[in-house]
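Listed below, chain by chain, are the residues.
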Amino acid sequence: MRTQAAIIGAGPAGLLLSQLLMQSGISTVVIERRSRAHVLSRIRAGVLEWGSVETLRRAGVGARMDAEGAVHEGVALGHSNHQFRIDFRAACDRAVMVYGQTKVTKDLYAAQDAAGAVIIHDAQDVALHDVEGTPRVTYAKEGRTHEVVADIVAGCDGFHGVARQTIPEAKRTEYAHAFPFAWLGVLSETPPVAHELIYANHPRGFALASMRNAKLSRYYVQVPAETEAQSWSDAAFWDELRRRLPHDAAERLITGPSIEKSVAQLRAFVAEPMRWGNLVLAGDAAHIVPPTGAKGLNLAIGDVALLAEVLTAHFGGDRAALGTYTARALERVWAGIRFSSGMTNLLHRFPGQSAFEQRMQEAELHHIEHSAAAREAVARNYTGLLD
Ligand code: FAS
Ligand code: PHB
């Protein structure tokens, strides 16, 4: 098979890139290791920066998001049984959209199906070849080996994918940091405790009250890194969440059976460069951020919006365009790492944390509450980083 852009991975990055490139008349083939059902079963991010909203609308997948998503103009930060609101509209005249990644992926699949996209699922042993020349992608399916020849290969295959490994180790610089804790997440068919998100610092550990809609809540509590999700009963989860949320929110908590329970490790990771010959990386294939800043999905969408612009110029004859991708993408990536790691350090309890360090976190949160400049900095980073 021959195409202009072979895309590895049918997560949000891969599907969105295929959608935007096809809109520019560039042919694509998407090669995904898992089944469509498996890809759509993942419960992950929930918050879209406004730049991501505009990119999804431009890609022609904004209709259900605009109909079913919720525009949020603020977020609450909590500590010492108290909470305060960061007003995005007042601070920087921006907002975010609460709309789950699962729905974003479903909307992208629907648009790609309508566009007649070629998406190959259950592709095994995916391998990239000759990425510095005319790239080839091979994969096994139904007992046969298949080959896709392309001008460009886009690695959108996530943190555990193969594309990043195709860049020679001697030419790759990887920055990695593992936080000494994880998030235990629960999805429940219960009304959220508040109409906006609450990020809470507590001496027992971090907690986050989020949601998918008015009848579907998403909650997280910080747990030790090696925690197994099933080692926590629903009752134990609700008790711990209630102890960590600020009192007024805890009083409103309505519990119910978990319909999904999972543990996400907290890590930061960046691989440089994000382009090698005719291979480009986007999304989790190139970087991971701790979810405390709601940046993972948004950085992936930001990469893809930039990459679609660069590849459209490249296929339009601009041979310098590809060389600009890494530096431009990494500026946003490192800004996302900085903000997400800062929020993680501010809101989580670290092993061996002293009483002084706990009070310093509370003092920083108190400063944010009472400083317009500090609130604006949080608002600008949470709603959109550089723009
Ligand atoms: P993805 O990992 O979503 O997609 C990569 C795709 O490539 C997958 O479908 C995979 O099956 C496929 N693939 C992998 N290897 C392959 C191979 N060899 N060949 C072919 N295909 C291959 N972000 C937030 O902002 N907020 C959150 O709360 C949040 N929670 C998260 C919880 C978990 C458990 C995880 C893992 C991530 C979370 N994230 C969160 C980050 C997440 O949303 C990512 O940023 C987002 O999925 C990035 O999208 P992609 O880059 O498309 O990668
Ligand atoms: C979520 O709703 O899953 C969510 C929201 C905000 C975050 C992380 C996760 O920072």
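Please refer to the structure placed before this passage.
Computed from a predicted model, the values in this text were never measured in an experiment.

Let's talk about the environment of Leu297
Relative to the helices and strands, Leu297 resides in helix α10 (residues 296-315). Sequence spacing of Leu297 and Pro12 is 285 residues, and the spatial spacing of their C-alpha atoms is 7.8 Å. Filtering out sequence-adjacent residues up to four positions away, Leu297 remains in contact with Pro12, Ala45, Leu48 and Gln101.

As for the pairing of strand β1 (residues 2-8)
Burial of β1 is extensive: five of the seven residues sit out of reach of the surface. Here β1 runs beside strand β11 (residues 144-155); their pairing, made up of six bridges, is parallel. Across the sheet, residue Ile7 finds its bridge partner in β11, namely Ala154. The pairing of β1 with strand β2 (residues 28-31) spans four bridges and is classified as parallel. Note that in β2 the partner of Ala6 across the bridge is Val29. In this fold, β1 hands off to helix α1 (residues 12-23), which returns the chain to β2; that crossover is right-handed.

Here we look at the site of ligand 2
Around ligand 2, 14 residues are found, and the nearest of them are Tyr199, Ser210, Arg212, Tyr220 and Pro291. Within the contact set of ligand 2, an oxygen atom lies 2.7 Å away from a side-chain nitrogen or oxygen of Arg212. Pro291 is positioned with one of its backbone polar atoms (N or O) 2.6 Å from an oxygen atom of ligand 2. Within the complex, 96% of the 280 Å² of free accessible area of ligand 2 lies under protein. The element that contributes the greatest number of residues to the shell around ligand 2 is strand β14 (residues 207-213), accounting for three residues. Among the residues making up the shell around ligand 2, the classes are represented as eight nonpolar, three polar and three charged. Here the shell around ligand 2 spans two domains, and each of domain 1 (2-72 + 100-176 + 267-343) and domain 2 (179-265 + 349-383) adds at least three residues to it.

Thoughts on unusual backbone geometry
Omega for the bond connecting Glu272 with Pro273 falls within 30 degrees of zero, at -5°, which places this linkage in the cis form. One can find Pro273 in the loop between β16 (258-272) and β17 (275-276). A positive phi angle is found at Asp130, which is not glycine, with a value near 50°. Inspection of the secondary structure assignment puts Asp130 in the loop between β9 (124-129) and β10 (136-141). The partly exposed category is assigned to Asp130, whose relative accessible area is 46%.

Some words on the environment of Phe88
Counting through the fold element by element, Phe88 comes out in helix α5 (residues 88-92). For Phe88, a relative accessible area of 0% translates into the label buried. Distance from Phe88 to Thr383, taken between C-alpha atoms, is 7.6 Å for residues 295 residues apart in sequence. Sequence-distant contacts of Phe88, that is, excluding residues within four places in its chain, are made with His72, Glu73, Gly74, Val75, Asp93, Arg94, Ala95, Val96, Ala379, Tyr382 and Thr383.

Brief notes about the sheet that holds strand β3 (residues 47-49)
Read from one edge of the open sheet, three strands run β3-β7-β4, paired in antiparallel fashion. Two strands in the sheet have a free side with no partner beyond their single neighbour: β3 and β4 (70-72). Each neighbouring strand pair of the sheet contributes to a mean axis angle of 30°, computed without reference to strand direction. Relative to strand β7 (residues 96-98), β4 runs antiparallel, the two being bridged by three bridges. Note that in β7 the partner of His72 across the bridge is Val96. Sitting on the sheet, helix α13 (residues 372-384) touches β3 and β7, and the angle it makes with β3 is about 100°.

What about the nonpolar core?
Counting residues in hydrophobic clusters, the biggest one holds 104 residues, and the most contacted among them are Ile31, Leu48 and Tyr199. Among the domains, domain 1 (2-72 + 100-176 + 267-343) and domain 2 (179-265 + 349-383) are the pair contributing at least three residues each to this core. Filtering out sequence-adjacent residues up to four positions away, Ile31 remains in contact with Ile7, Ile8, Gly9, Ile120, Ala123, Val126, Val137, Tyr139 and Val148. In this structure, Ala182, Ala209, Leu245 and Ala250 belong to the second largest nonpolar core, which totals 21 residues.

Rules behind the numbers
- Residues numbered from 1 in each chain as written.
- Chains lettered and ligands numbered in written order.
- Predicted model: local features only at pLDDT ≥ 70, side-chain atom pairs only at ≥ 80, totals over all residues.
- Heavy atoms only, no water.
- Helix = DSSP H or I, 4+ residues; strand = E, 2+ residues; numbered from the N terminus.
- Contact = heavy atoms within 4.5 Å.
- Buried < 20%, exposed > 50% of the residue type's maximum accessible area, 1.4 Å probe, protein only.
- Pairing = 2+ DSSP bridges.
- Right-handed = clockwise from strand over helix to strand, strands pointing away.
- Near = heavy atom within 4 Å.
- Polar contact = N/O pair within 3.5 Å; in protein donor to acceptor, adjacent residues only side chain to side chain.
- Areas by Shrake-Rupley, 256 points an atom, 1.4 Å probe, with all protein chains shown as cover.
- Nonpolar A, V, L, I, M, F, W, Y, C, P; charged D, E, K, R; others polar.
- Domains from an automatic or database assignment.
- Axes fitted to C-alpha atoms, helices over the stretch in contact; angles between N-to-C directions.
- Core = buried A, V, L, I, M, F, W, Y, C linked by side-chain atoms within 4.5 Å.

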